[in-house]
Every structure is written in C-alpha cells, then in structure tokens.
Protein chains: 2
Amino acid sequence: MTENHPHVVIIGAGFGGLACAQALGGKPVRVTIVDRRNYHLFVPLLYQVATAALSPADIARPIRRILGRYDNIDVVLGTATGIDPAARRVRLAGGRELSYDKLVVATGSDYSYFGHPEWAKLAPGPRTLEDARRIRARLLTAFERAEASRDPAVHDALMTTVIVGGGPTGVEMAGAVAELARHALARDFRAIDPRGAKIILVEAGPRILSSFPEKLSVYAKAALERLGVTVMTQQAVESIDATGVVVAGRRIDAGTVIWGAGIMASPAAGWLGVALDRAGRAPLNPDLSVKGLAEVYALGDVASTPDQNGTPLPALAQVAAQQGHHLGRALVANLKDGRPMLPFKFHNRGNTAIVGRHAAVFDFGWLQLKGRFAWLMWALIHIYLLVGFDNRLRVTLQWLWAYVTYERGARLIMSDFER
Amino acid sequence: MTENHPHVVIIGAGFGGLACAQALGGKPVRVTIVDRRNYHLFVPLLYQVATAALSPADIARPIRRILGRYDNIDVVLGTATGIDPAARRVRLAGGRELSYDKLVVATGSDYSYFGHPEWAKLAPGPRTLEDARRIRARLLTAFERAEASRDPAVHDALMTTVIVGGGPTGVEMAGAVAELARHALARDFRAIDPRGAKIILVEAGPRILSSFPEKLSVYAKAALERLGVTVMTQQAVESIDATGVVVAGRRIDAGTVIWGAGIMASPAAGWLGVALDRAGRAPLNPDLSVKGLAEVYALGDVASTPDQNGTPLPALAQVAAQQGHHLGRALVANLKDGRPMLPFKFHNRGNTAIVGRHAAVFDFGWLQLKGRFAWLMWALIHIYLLVGFDNRLRVTLQWLWAYVTYERGARLIMSDFER
C-alpha cells in the first residue's frame, strides 16, 4: 500500500523541486509537492514577458499537468509558513500540516535591495509573472504618458529606462527594452519617437557579465552599445525614487527602473533553525542535506552548495535542476534499497546570456561562443528546455513571428497595475 | 494642412469606435480616439479567457498597432470624465481637454446587478480582461480548495458553479465551465473528481437564448444538459453571498458565481445631459446623432437605436461594428462634401451562441443552423473577425490543440487576484 511508503515533502515547484519530483515519480515513495502557485514558471524567459514579447501562458505550465501522470505524487496549492524539524512537520497557511520522512526545501530566492526594501515597489525585478506584468505595464505606460505630454524634457525622462545590475538578467532586459523601443513601438506614436528612448544599464562592478570570461563581457557590452544601450560600469545606484535614480552622485530621471541586481534566499531557509550564510542561504553537505539537520535537504537558490573548491555554486536554473534530479534519484536508492546518499557533482553545461535579437554569449568553460550562431543555439536550447510541447510550439511561433515582423505580440497594459 | 481639417473625437475603441475610426482613416479628417486601455478587445471570445482556453493576448490587440497606419488618427490612452456639449469639449482624467467638431461616444456597457451593486464583486461577469482573469482564478482556486479539504460537503459546494443569465454569454460560459471540469481538469486531482462538478445555469425567463427562435433554445438546452449542465428557467436569483446564491427561495452553495445577466450603458451617456432610456442608453436619431444635441453621435451599447419598427436594436457587437462603419463613412461625406447624414440601417448577419465543443446555434432569421456544422462555422467566423493575422493564427492553433487534446492552455492562477 502506498500509505506504507516513506513520505517525501517538497516545498517549491521551480526548477529544483520539479526535477526532484520527476525523479521520484512512479517510484515506491509517496510525494507531496507544495507550491503557492498552480504553475511552474520558466524563469529564464520571464524577461520576455516583461518586455511584451511573450505571454504568461507561453512560459508557465500547471504543475498538475506536468506531474499528473504520477500516481504517487500529490500536488498541493499552498504556502508554507513554517518548518518543525524536530517533529518533522511543515506548516501551511490555513493551518494544514504535512508530516514528512524526508523534506526537500526548494523555495528559491527573491531580489534583495541592499538594505532598501522600499525600492522593491519602485524598481521591480522580473522574478514572478506578476513582476513581469508590472514591468511591462510600467514600460508601456511610460511611453503612453510621454505621448500625452507636450514637454520635451518630460518626453526624455519618461522614455528613459534604467536597469540596475549587469548580470545576465540585466543584460537581457536592457537588450529587450532597446528592441521594444526601437522596433515594436517605433511607429506607433506621433508626439514622441520611441527610437530616441534612452536605455541605461548600471553595474557597480568593473564589467557586466562578471561571471563570464572577460572576452564575452567585452563582446556583450559592444553588442548592447550597438543597440543604443548606455552601459555604466564601476558606478553604483545610491537611491531610487518615483521619478528616477541617483547613480554615483548623478541624478537620472527615468520613467522606468528595473532591478536585476542582488538576490537573497527565500525566508524558508530561516525556518530550519540553522546558521545561514550572508545571502540567507542554508549551507549544505555534499549530499545536499542541510548541515545540522536530519532528513532535511535543500536545492537551488535557497541553499549554498560548495563545489570541489569549496566555493558556493552560483544561483542558476541548471544548478537547481541538476541538484533536483540527483537528489530524487539518491532518495529513491536510499529509501528503497538503503543505499547511502551520494554526493552531488555539478556539471557545468554552459552559461548563456542573450543581447538583443542577433547576439548571445555562451560560456562552456573550454569553449566560448558569441554572435549570431550563439543566439540561434540560445533559442533552440531554451525551447528544448521548456516544459511541455504546447509551450514549445507557442514560443517557437511567437519568436518566428517576432523575428520576421519585429513585432512583439503581448503589448497589453492590464489596468490592475497600480504605479 | 491637417490642422485645418475638422476634428472628430471618438471615445472608446471597442467594436463601434474602432470601426468608425477605420472608416475615417486616411480621409481628410483629423481623428482623436480615446480609450482607457491600450488594446482593443475581442469580447465575444472573452469567455474563453475566463475558462482558461485562451490567453489575454490572443484576443486583444494594441490600438496603436491597429490604427497606426493612418497618419490622420491620433490614439490617446486616457479616461474620459466629462463632456461639455455646449463648448464642444471632452474632459480627460488628469485635466487634459479635447475640443471637437464632431463627437462620437462609443463607450459601451457594463453589467448591471438589478440594483445590487454589491453583487459585482461576488459574481463577476466576463466584460473585461481583468474580469476574465478574476473568473478564471476563482474557478481554478475553487477546485484547488476542494482538493485541500477532506469534507465531501465542502467538495460539492466548491465544485458547484452557478451562472446567472441564460443569454449567449451565460450559455457559452456554462458550456465552457463544463468542459473545463469534465476534460481539462478531470485527471489533475486526487481527492476530488472534477467530472462530478455541478454547473447550474439560472434564467429568470421562460427559456434560455430568449432572443433566438424557440427551436434553437430547445436545442441549446438539450446540448447543455448533455454536457451535464443543469438548466433552471423561470427562476430568478434573489441574493448572492460569498458562498453561494439563493434562487427562487432555495439556497445553492457554490464555489464560483458568474454573472451573465442584465447590462446597462456606460456612465458617459449621462454626461450628455439628455434624457436616457431605462437601461441608461442615449436615444439616437436614425442617422446616429444623439437626440437633442448637435455634432454628437453615439454607437453600440451606450446608445439606443430604433430599428424600422421602432424597437431598439440589441446590444450586440455586430450592431456596434456596422454602426461605426456607417457613421465613419457618413461623417466623411458630410465633412468633405457637405452631404447630409444618411440614416443607419442594420443588416442582421446572424446571431450565434456556442454550447461546448461540438454544438452551436446560428440564427440568420430565414435560416437556422444547429449542431456540429454550426459549431465549425462559429469557429471560422470568429477567427475571421479577429483583428490581426497573428491573433488569428494564435487562436486557430490554440483551438486546434484544445480540440485534439481536450486541454486548455491558459490555466494559470495569477496570485494578484483577491477573492
């Protein structure tokens, strides 16, 4: 009877939690996976929802549709509010409790604003679908407001977009906003010319894409500049308000500010009662168990996993997915056959960032690619990684259409957005 | 110079306003079209967004994209707050004013709750994209909450959906909710069986689809019942609360209540300072000018246009579209060549309602169709009427996919929905 099988509870159905569940699917284990949303989100393409190139449904898939085929997996729509490791229980909002034999915490991360939580409302980052729609609304509304004004200074300010953070997210957003302004919106207005929009990418460190080899950073910077993006390095954002930012002492008026800098682990890490690292992540043993706890494991951005050199692995989707897959299989072997939990070993499949419609960078370590070929590979890989054939078909068609027409198919301002 | 051309202001970019603008496009007239949203919405398919079969972007198109090709048309994102017919000015939120030579009021209608405005929050009707997403979230969340409960009585109540109003909207919603429960969600849950969901359509009059010939009403009722919908006629909703409704003295507990009954004209009709009819509509002369005002015209649901027998034309998309087209052309002839404004004559192209995935009814007056062939025609006509090739392609693919797989591709609960 399944009731006798050990019960694995997974909190979070992102890349890590989902991969873990899929590895446990169909095995002699009882699984309950909890997420506060009913869908799994393909976050790497979220910036395209934020810049009106894709719709939410193109990159999100109901969790029940993905895992429904496994009889041993129960999907719960709920929000975890606390963990009791001694009693081996997870508390959900509304009072429900889940008892576990093994717990997998895969709750991910959120943006951190360097001690300025009040910036979150002013400068959203593309982390959830709600964020992406808010950014999209803010961008499109800024152009609409510029059109309604007769003051050229107001035009300039509203058509200025500042993106904070020169990592892959910031770079991709900057390129996408440039394309939105220069192509998709270019002929739609009369009083303003969106092609004159200023897009500024601000990075506090010495170069953008600092996690990539320097050669690729240089290439990406040039590609962004060809798109008309101003790249400011070695300059930090000091303050953000409703009409702009202050960078290195200089004020920039902007209609839209988008965040792509610092992240921190989800609060769930704090419920475990163990010491966390500076980014709030739970430190893991090599087998992905949480240091100091029995029967509790963690995956992805909420955790800090050391690589062979002891350096924490980066907060990337592919790390979470590989961990989830490894952990799922290790748990099966352990619960079914009593085998010990093997250590996790990360295999870097390469990092990518896309810069507009013709350029991307790929870092495979031993091989680096850039340019149009890299961009094509980027597109194919992301389509492959999407979950679900219908999502793949939709995104493929949207991209083909956008490539041919330069249009962006999802330019709707939903009026439930409050500025 | 265009500045010397007469200025036509159109409030509203729905079926009426858009058709009028398109007829004025490229003509020696200056046009400003104002809408509080940046997109035109294909309302007849909104019930499919509400039941998770289509995404918002599939049926909405940015107004600027539709009208951008006409140099003489200015698109303004704004909300009209008042009309001064004596001064020939329209006031917008934020203080901006538009002076007009001719004004076209095409602001449409909204649902009316028979003197119970407090029901609006409890029983949304599919009139805007925000409504549709709210309904979708409520439906999907009701099933999720049922899944989380152990009480069979709670299951039954949450899996019960009541639709108020037996017109085309109510009939289409009822059929779509039945399909959502019986097919798309059927295998997704463990504790509940969505195929046991109760869907109840409540109509106060003697038959559903009362604006159609009786033979088609009978057919539609049978088709709904085959889908497992309970059709209650001659019974009116007496009250609505957070957990259900009271119909003809009897309480029905329901997880979701959807409104498809009474509509009333938008408040803009009241700004004209003329006597309105019982539904708040502005009465028109045969040439679509507002009775008692010079230079002001109205189209669509906000107005009451008498047909040859003096009966007001129904509030249908095709009426608004035909009126808009007629008015645009009449205004051009009048402003350019001084010709008198000809009266409008409605040509009924047929009314349709769809009942689930295999059945529709078509009333052409002299010809009535029902069944699978009618359903196919319904689908083709709606795809044809969609604005924009990419919307047509998207919807075609979504429908083909849904037809083959019984899936519904847009089953996302956006967490910014508050109950």
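Residues numbered from 1 in each chain as written. Chains lettered and ligands numbered in written order. Predicted model: local features only at pLDDT ≥ 70, side-chain atom pairs only at ≥ 80, totals over all residues. Heavy atoms only, no water.

## Digging into the overall build of chain A
- Within chain A, the regular secondary structure consists of 12 helices and 24 strands.
- Taken over C-alpha atoms, the radius of gyration comes to 22 Å for chain A, in line with the 22 Å a tight globule of 419 residues would show.
- Counting only C-alpha atoms and orienting by the principal axes, one finds that chain A spans roughly 70 × 45 × 40 Å.
- Burial status across chain A gives 58% buried among its 419 residues.
- In chain A, 64% of the contacts between residues at least 6 apart in sequence involve partners at least 24 apart.
- Surface summary for chain A: the accessible area is close to 17,000 Å², and the carbon and sulfur share equals 55%.
- Taking the average location of the 48 positive side-chain charges in chain A and that of its 37 negative ones, the two points are 4 Å from each other. (Helix = DSSP H or I, 4+ residues; strand = E, 2+ residues; numbered from the N terminus. Rg over C-alpha atoms; globule rule 2.2 N^0.38 Å. Buried < 20%, exposed > 50% of the residue type's maximum accessible area, 1.4 Å probe, protein only. Contact = heavy atoms within 4.5 Å. Areas by Shrake-Rupley, 256 points an atom, 1.4 Å probe, with all protein chains shown as cover. Lys, Arg positive; Asp, Glu negative; His and termini not counted. Charge placed at Lys NZ, Arg CZ, Asp CG, Glu CD.)

## With respect to the interface of chain A and chain B
- Residue-level contacts link 47 residues of chain A with 47 residues of chain B.
- For the pairing of chain A and chain B, the buried interface totals around 4,200 Å² over both sides, and the portion due to carbon and sulfur atoms is 46%.
- On the chain A side of the contact with chain B, Arg64(A), Arg65(A) and Arg190(A) bury the most area, a combined 17% of that side's loss.
- Our count for the contact surface shared by chain A and chain B stands at 6 salt bridges.
- Note that Glu144(A) is salt-bridged to Arg64(B), the shortest N-O span being 2.6 Å.
- If you look at where chain A meets chain B, you find 16 residue pairs in polar contact (both at pLDDT 80 or more).
- Those elements that provide at least two residues to the side of chain A that touches chain B are helix 3 (56-59), strand 4 (60-62), helix 4 (63-67), strand 5 (73-77), helix 6 (129-148) and helix 12 (389-405) of chain A.
- Partitioning the side of chain A that touches chain B into residue classes produces 22 nonpolar, 6 polar and 19 charged. (Buried area = accessible area lost by both parts, 1.4 Å probe. Salt bridge = Lys/Arg side-chain N within 4 Å of Asp/Glu carboxyl O. Polar contact = N/O pair within 3.5 Å; in protein donor to acceptor, adjacent residues only side chain to side chain. Nonpolar A, V, L, I, M, F, W, Y, C, P; charged D, E, K, R; others polar.)

## Looking at unusual backbone geometry
- One non-glycine residue with positive phi stands out, namely Leu209(A), at about 50°.
- By the element assignment, Leu209(A) lies in the loop between strand 12 (198-202) and helix 9 (214-226).

## Remarks on the sheet that holds strand 24 (residues 368-371) of chain B
Residue and element names in this part refer to chain B.
- Ordered by their spatial adjacency, 3 strands build an open sheet running 22-23-24, and the pairing between neighbours is antiparallel. Two strands in the sheet have a free side with no partner beyond their single neighbour: strand 22 (351-355) and strand 24. Recorded for the sheet is a direction-independent mean angle of 5° between the axes of neighbouring strands.
- Pairing analysis gives 4 bridges linking strand 23 (residues 359-363) to strand 24, with the strands arranged antiparallel. Bridged to valine 361 within strand 24 is lysine 370.
- Sheet strands in contact with helix 9 (residues 214-226) are strand 22, strand 23 and strand 24, and its direction is about 170° off that of strand 23. (Pairing = 2+ DSSP bridges. Axes fitted to C-alpha atoms, helices over the stretch in contact; angles between N-to-C directions.)

## As for the nonpolar core
- In this structure, Leu45(B), Ile59(B), Leu129(B), Leu224(B), Val229(B) and Trp378(B) are the most contacted members of the largest nonpolar core, which totals 71 residues.
- Among the domains, domain 1 (7-111 + 263-337) and domain 2 (122-261) of chain B are the pair contributing at least three residues each to this core.
- Of all hydrophobic cores here, the second largest spans 69 residues; its members include Leu41(A), Ile135(A), Ala176(A) and Phe362(A). (Core = buried A, V, L, I, M, F, W, Y, C linked by side-chain atoms within 4.5 Å. Domains from an automatic or database assignment.)

## Observations regarding the packing of helix 6 of chain A against helix 8 (residues 168-184) of chain A
Residue and element names in this part refer to chain A.
- It is the contact of helix 6 with helix 8, at a shortest axis distance of 12 Å, that shows an interaxial angle of 40°. Note on packing geometry: the crossing formed by helix 6 with helix 8 is right-handed. Residues Ile135, Leu139, Leu140 and Phe143 of helix 6 pack against Met173, Val177, Leu180 and Ala181 of helix 8. (Left-handed = near helix turned anticlockwise from the far one by under 90°.)

## Here we look at the domain arrangement of chain A
All names here are of chain A.
- The domains assigned to chain A are domain 1 (7-111 + 263-337) and domain 2 (122-261).
- Spacing between the C-alpha centres of domain 1 and domain 2 amounts to 32 Å.
- Each partner contributes residues to the interface: domain 1 has 19 residues there, and domain 2 has 20 residues.
- Carbon and sulfur atoms make up 66% of the surface buried where domain 1 meets domain 2, a total of about 1,700 Å² over both sides.
- Counting every contact that joins domain 1 to domain 2 gives 2 salt bridges.
- Among the ionic pairs, glutamate 130 bridges to arginine 37, the shortest N-O distance being 3.2 Å.
- Counting the contacts that link domain 1 with domain 2 gives 3 residue pairs in polar contact (both at pLDDT 80 or more).
- Going through the elements one at a time, strand 3 (39-41), helix 2 (46-50), helix 3 and strand 10 (109-111) are the ones with two or more residues in the side of domain 1 that touches domain 2.
- Ranked by the residues each element gives to the side of domain 1 that touches domain 2, the list is headed by helix 2, at 4 residues.
- Across the side of domain 1 that touches domain 2, the residue classes break down as 14 nonpolar, 2 polar and 3 charged.

## What about the relation of the copies chain A and chain B?
- Expressed as a screw operation, the relation of chain A to chain B combines 0.0 Å of axial shift with a rotation of 180°, fitting to an RMSD of 0.0 Å. Overall, the copies show the geometry of a two-fold rotation axis. Relative to the rotation axis, the C-alpha of Ser55(A) is the closest in chain A, positioned 3.8 Å from it.
- Residue by residue, 100% of the interface of chain A is reproduced at the interface of chain B, so both copies engage with the same surface. (Least-squares fit on C-alpha atoms with pLDDT ≥ 70 in both.)

## Some remarks on the packing of helix 12 of chain A against helix 12 (residues 389-405) of chain B
- Contact geometry of helix 12 of chain A with helix 12 of chain B gives a least axis separation of 12 Å together with a crossing angle of 165°. By the angle between their directions, the pair helix 12 of chain A and helix 12 of chain B is classed as roughly antiparallel. The crossing of helix 12 of chain A and helix 12 of chain B is right-handed. Of helix 12 of chain B, the residues touching helix 12 of chain A (which contributes Phe389(A), Asp390(A), Arg394(A), Leu397(A), Gln398(A) and Trp401(A)) are Phe389(B), Asp390(B), Arg394(B), Leu397(B), Gln398(B) and Trp401(B).
- Split by residue class, the contact of helix 12 of chain A with helix 12 of chain B holds 6 nonpolar, 2 polar and 4 charged. (Parallel < 35°, antiparallel > 145°, perpendicular 65-115°, else oblique.)

## Regarding the pairing of strand 12 (residues 198-202) of chain B
All names here are of chain B.
- Among the 5 residues that make up strand 12, 4 are buried, leaving the element largely enclosed by the rest of the structure.
- Handedness of the β-α-β unit built from strand 11 (residues 160-164), helix 8 (residues 168-184) and strand 12 comes out right-handed.
- Of the pairings in the sheet, the one linking strand 12 to strand 13 (residues 229-232) comprises 4 bridges and is parallel in character. Across the sheet, the residue bridging to isoleucine 199 is valine 229, located in strand 13.
- Taken together, strand 12, helix 9 and strand 13 constitute a β-α-β crossover, and its handedness is right-handed. (Right-handed = clockwise from strand over helix to strand, strands pointing away.)

## A short note on the packing of aromatic side chains
Residues and elements named next belong to chain A.
- The full count for this structure, using the stated rule, is 14 aromatic pairs over all chains.
- Every member of this aromatic cluster is reached through a ring pair, and the members are Tyr113, Phe114, Trp119 and Trp259.
- Directly above the ring of tyrosine 111 sits arginine 127, whose terminal nitrogen or CZ lies 5.0 Å from the centroid. (Phe/Tyr/Trp six-rings, centres within 6.5 Å; stacked < 30°, edge-to-face > 60°. Lys NZ or Arg CZ within 6 Å of the ring centre and 35° of its normal.)

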